[in-house]
Amino acid sequence: MGERADVWQGTLALMVLKTLETMGPQHGYGLARRIEQISGDKLQLNYGTLYPALLKLEQEGTIRSRWGVSENNRRAKFYELTRAGQRQVRKAAAEWQQTTEILARFLGAAGEA
Amino acid sequence: MQKLRALWMRLCGLLLHPRGHQDDFEAELESHLAMHTEDGIRAGLSAQEARQQALIKLGGVEQTRQAYRERATMPWLENLVRDVRYAPRTLVRQRAVSAVAVISIGLGIGANATIFSMVSRFVLRPAPVGDPSTLLSLQIIADRESCCNNFSWPLYQDLREDARSFANVAAYYDLVPASIGGYGEPERVWGQATTNNFFDTLELPMVLGRGFSSNDELQPVIVLGQNLWKRRFNGDSAIVGKTILLSGRSFTVVGIAPAAFHSVDQILHTEFWVPLGIAAQLVPNLPSKAPRDYHWLDVVARMRPGVTRLQVQAEMDTLAARFAQSFPATDKGERFAMEQAGALPMRDRSSVLIFLGALLLVALLLLAIAAANVANLLFAQAASRQRDMAVRLALGATRGRLRRQMLIESTLMAICGGIMGVLLSLGSTRGLSALRLPAPVPLDLHVGLDWRVLLFCFLLSVLSGVLLGIGPAWAAARPLVPNALKGEEALARPGRKLSLRNLLMVAQTAMSVVLLSATVLFLRSLQEAAGINIGFNPRGMLIFSVDPRVHGYTATKTVAFLDQLRERLRALPGVAAAVCTDVAPLSGGNRSDGFSAADQSGKQLPSAELYMVTPGYFEALGIRRLAGRDFGSETAGGPKIAVVNEAFAERLFGETDAVGRHINGPTGNYEIVGVVGNMKSRTLGEQTRPILYRSLAQSVEGDPSLMGYTLIMKTAGDPAALSETVRRQVYALDPAMAIYNEETMEEHVRTAYVLPNLAATLFGIFGGMGVILAATGLYGVVSYSVSRRTREIGIRIALGARPGTVEGLFVRQGIALTLIALALGWPAAWMLTKIAASLLYGVQPHDAVTFLCVPLFLVAIALVACWIPARRAALVDPMRALRTE
């Protein structure tokens with residue numbers, strides 16, 4: 001369990017948005033599985049925490065939801081990006097990229113010294 | 001933006017579909033678990049294991065639900081909303097208590113709203129001009145004087161040229177009477193004469209047209225007030241550029257001023273404005289522009305942007321010093337004073353502020369009494385709810401939550417009271433606005449509710465709701481839970497003698513002692529005022545005024561017109577006498593001059609009232625003649641004669657018989673031909689003033705009255721019935737003559753009683769309410785204590801106590817509280833009623849009757865209020881009392 005990281009505040013939203021961008025409309029359970037998969041099972045994710053996060057994104061207008069039918073013919077609520085959401089993903093991803101690059105440089109520099 | 005949107009969505013979630021969200025989420029959660037379980041089964045787990053796994057991975061259904069709910073809405077707000085929704089239900093359940101509370105607070109807030117609407121109108125409201133904060137009214141304060149004077153023309157000119165702090169300085173002459181043309185019966189209106197930069201200085205947003213321009217100085221142009229324009233010209237939108245008739249002369253309308261603007265000072269009610277340069281056409285005795293020591297102009301100045309009041313004052317001081325050096329004869333020792341334009345006139349400010357302050361204090365006192373009363377009611381209520389509270393506490397509610405809920409209830413109650421108060425004050429301010437002050441000039445004293453009043457009421461309601469609720473809420477939220485659940489008294493702490501309820505009750509009674517003292521004082525003052533000898537008999541008289549001068553009459557023609565009119569009126573059936581004067585007595589203000597004896601003594605009389613009268617005036621008004629004769633058939637050019645009143649003769653000659661003496665005054669030398677009894681000249685409350693009556697025929701030429709001339713008809717029948725015939729007689733002589741101030745003399749005198757009446761009415765209402773509230777408060781305290789001690793009473797009676805003893809027990813308790821309250825309230829009343837001294841007629845503020853009667857009366861009321869519940873205690877059936885619960 002030690003190697004599995006908790007989800008940091010704020011990063012979950014970006015993961016959700018990015019996942020929706022690549023996969024298209026998806027239900028909550030699918031999103032949760034997908035996020036875990038992509039992280040290579042390195043993330044410790046309580047599926048329950050995903051729903052308030054989704055609600056928050058919906059309230060902020062970056063995603064919207066509607067009821068649909070899953071691949072296994074089950075009624076499920078599907079989430080998809082709105083136009084504002086698409087913009088948000090690009091922006092947030094770029095910002096995140098920059099932050100990690102800078103941080104990586106710092107850590108790298110500290111290592112060389 | 002996103003945050004805002006989210007907040008909005010959460011609010012909607014809270015208010016619009018509190019349940020919908022939750023159901024939707026339940027379904028989503030269910031589908032999530034189902035999918036997860038399916039996957040588990042596919043991976044080879046048993047159905048039960050798979051479900052178990054899914055639940056663990058989810059992190060708990062209840063936790064998820066909770067987290068989702070908190071995100072969907074705003075939990076603290078949700079709780080608040082729930083409490084607010086719950087509060088009306090509680091209030092409705094305790095209907096009687098709520099009704100009493102709302103009515104009490106409503107009366108208190110209503111009183112405050114009424115008084116504060118006067119404060120708002122006269123103290124807080126800025127003038128309706130462009131940027132009122134940079135417009136100043138200027139005044140001169142002469143050497144060693146406390147208050148102020150107007151400007152002379154030369155001084156205004158110097159100031160306008162020299163002062164650098166001002167962008168513009170304008171002057172105006174504040175009252176110009178005129179008759180105006182247009183539709184309807186002829187009408188006399190008041191206006192002002194202004195310098196041509198007046199409207200530019202005020203930056204008044206005109207309704208139509210423009211103000212005066214720099215080359216209007218000597219042009220016959222006029223700006224009309226919006227109301228006058230609507231009333232006389234049907235709001236003709238093409239009026240700008242047209243010519244109208246003002247006192248028989250043609251004026252070209254250049255603009256319409258907004259209805260809200262009546263005059264810079266917000267008190268005078270003027271309706272037209274003409275350039276100062278041509279005002280002499282309307283006001284024949286307009287002061288001359290030349291003398292530097294004749295102070296007749298009001299001055300307003302617009303500060304330059306960026307200049308502060310301090311800088312202005314500094315420059316004004318420098319200028320005053322320079323003027324004093326250049327013109328030592330007239331300007332020595334003078335300073336300039338200034339204030340924001342539209343503020344209360346400096347001269348009257350302190351007395352108005354004291355009056356309003358005293359009234360506001362009284363209204364707040366009343367509200368405090370009402371709030372104390374309601375707080376006591378809530379204490380009793382809390383006692384009956386202790387079980388409910390204890391159950392909730394036992395079930396895990398926090399005390400904070402209970403307190404908050406009770407505070408919300410009391411605040412809601414107070415806000416309902418506030419709404420009721422505002423509604424009440426709608427009526428009372430209308431009544432106040434309908435009052436007419438005795439004054440010879442047109443005043444705008446309209447009072448209404450504005451946003452300041454509404455804000456004040458709202459804040460006051462919330463504040464009183466919280467204050468009155470805080471004690472009961474505190475007490476109610478900490479019952480001794482075990483006691484309460486057993487149905488026993490749970491609010492009283494062991495070993496506590498001094499309860500908050502008793503303290504409130506004492507405070508409330510003490511306050512009502514103060515109120516009641518004021519009430520009795522003002523009632524006594526009204527009684528005294530009714531007994532004031534005004535010196536004449538107002539019965540059976542109709543009065544009305546005309547001002548022939550503003551219709552272009554010369555002095556000779558004016559006198560002839562008045563003579564003809566009197567003759568026609570005298571000839572009417574039922575008219576016993578028709579006389580004429582310039583201003584009817586008790587009109588609130590009058591002219592006065594200084595006089596000196598024209599003999600060796602040269603004794604001075606600094607100020608005597610001046611009246612013009614026609615022969616028969618004294619007889620018609622029932623003023624006693626003490627010596628000499630009445631006026632006769634003097635001619636305008638003949639030697640001037642006068643009749644004086646007793647006070648005049650005594651002050652100047654030391655004796656009543658002054659007939660044959662000569663006196664000097666600013667209007668010439670007079671021979672005294674008669675002496676008459678004293679009468680009240682300006683107001684009811686005045687000390688007897690010396691009066692000099694001149695012959696109307698001899699005075700119109702040299703010293704015409706700006707107020708016009710008042711005709712007085714004496715009749716044996718109903719004077720009001722004469723109105724129509726009288727008007728016909730006037731129009732028969734001149735169909736264009738405006739008639740104004742028509743009323744019976746009794747109506748006229750009644751307006752002189754407006755102040756003692758108003759004070760007595762207001763204080764009568766306030767004091768009466770205070771006493772009733774105090775009495776119900778006392779009743780409440782005693783009956784609460786009776787109900788709490790029912791079991792004890794039962795035991796006492798069972799052990800042989802007589803009903804009288806039991807009664808005495810409770811009456812003693814109530815009376816003790818009342819006596820403590822009296823000991824506190826009486827000295828406070830003694831100190832506070834001093835403020836009212838200037839408003840009283842013929843009664844000392846420390847009136848013995850008042851200060852003896854009030855305590856006795858209160859004790860009597862207290863006895864009754866205590867006796868009723870005490871009697872109930874004495875009738876307690878011991879068997880039932882001991883079996884309670």
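Definitions and cut-offs
Residues numbered from 1 in each chain as written. Chains lettered and ligands numbered in written order. Predicted model: local features only at pLDDT ≥ 70, side-chain atom pairs only at ≥ 80, totals over all residues. Helix = DSSP H or I, 4+ residues; strand = E, 2+ residues; numbered from the N terminus. Rg over C-alpha atoms; globule rule 2.2 N^0.38 Å. Buried ≥ 20, exposed ≤ 12 C-beta atoms within 10 Å, placed from the backbone. Contact = placed C-beta atoms within 7 Å. Core = buried A, V, L, I, M, F, W, Y, C linked by C-beta atoms within 7 Å. pLDDT = per-residue confidence, 0-100. Pairing = 2+ DSSP bridges. Axes fitted to C-alpha atoms, helices over the stretch in contact; angles between N-to-C directions. Parallel < 35°, antiparallel > 145°, perpendicular 65-115°, else oblique. Left-handed = near helix turned anticlockwise from the far one by under 90°. Nonpolar A, V, L, I, M, F, W, Y, C, P; charged D, E, K, R; others polar.

The number of helices and strands found in chain B is 28 helices and 22 strands. Computed over C-alpha atoms, the radius of gyration of chain B comes to 37 Å, more than 25% over the 29 Å expected from 2.2 N^0.38 for 885 residues, which places it beyond the range of a compact globule. The principal-axis extent of the C-alpha atoms belonging to chain B is close to 130 × 80 × 60 Å. Across the 885 residues that make up chain B, the buried fraction comes to 43%. In chain B, 82% of the contacts between residues at least 6 apart in sequence involve partners at least 24 apart.

Residues and elements named next belong to chain B. Membership of the largest hydrophobic core comes to 169 residues, with the highest contact counts inside it found for L366, V644 and M713. The leading source of residues in this core is helix α12 (residues 346-384), at 17 residues. Once you skip the residues sitting within four places of it in the chain, M713 turns out to touch M541, L542, L569, V575, A578, L722 and V726. One finds A127, V129, L246 and V274 within the second-largest nonpolar core, a separate group that totals 58 residues.

The subject of this paragraph is the interface of chain A and chain B. Taken together, the 19 residues of chain A in the interface contact 22 residues of chain B. Mapped onto the side of chain A that touches chain B, the elements with two or more residues apiece are α2 (28-38), α3 (47-60) and β5 (75-81) of chain A. Sort the elements by how many residues they give to the side of chain A that touches chain B and α3(A) lands first, with nine residues.

Attention now moves to the confidence of the model for chain A. Looking at chain A as a whole, the pLDDT averages 83, with 88% of positions reaching at least 70. Of all secondary-structure elements in chain A, the lowest mean pLDDT belongs to strand β1 (residues 5-6) of chain A, at 54, while β5(A) reaches the highest, 91.

All names here are of chain A. Strand order in the open sheet formed by three strands is β2-β5-β4, with antiparallel pairing between adjacent strands. One side of each edge strand has no neighbouring strand; the edge strands of this open sheet are β2 (26-27) and β4 (63-69). Of the pairings in the sheet, the one linking β2 to β5 comprises two bridges and is antiparallel in character. Bridging from a neighbouring strand, Q26 pairs with Y79 of β5. Most of the contacts of helix α1 (residues 11-23) go to β5, to which it runs at about 95 degrees, and overall it touches β2, β4 and β5.

Before going further, it helps to examine the packing of helix α17 (residues 500-530) of chain B against helix α27 (residues 848-874) of chain B. All names here are of chain B. In the contact formed by α17 and α27, the axes pass within 9 Å of each other and the chain directions differ by 130 degrees. With respect to α27, the axis of α17 lies oblique. The handedness of the crossing between α17 and α27 is right-handed. Contacts between α17 and α27 pair V513, L516, S517, V520, L521 and R524 from the former with V849, T850, F851, C853, V854 and L858 from the latter. Considered class by class, the residues forming the contact of α17 with α27 number nine nonpolar, two polar and one charged.

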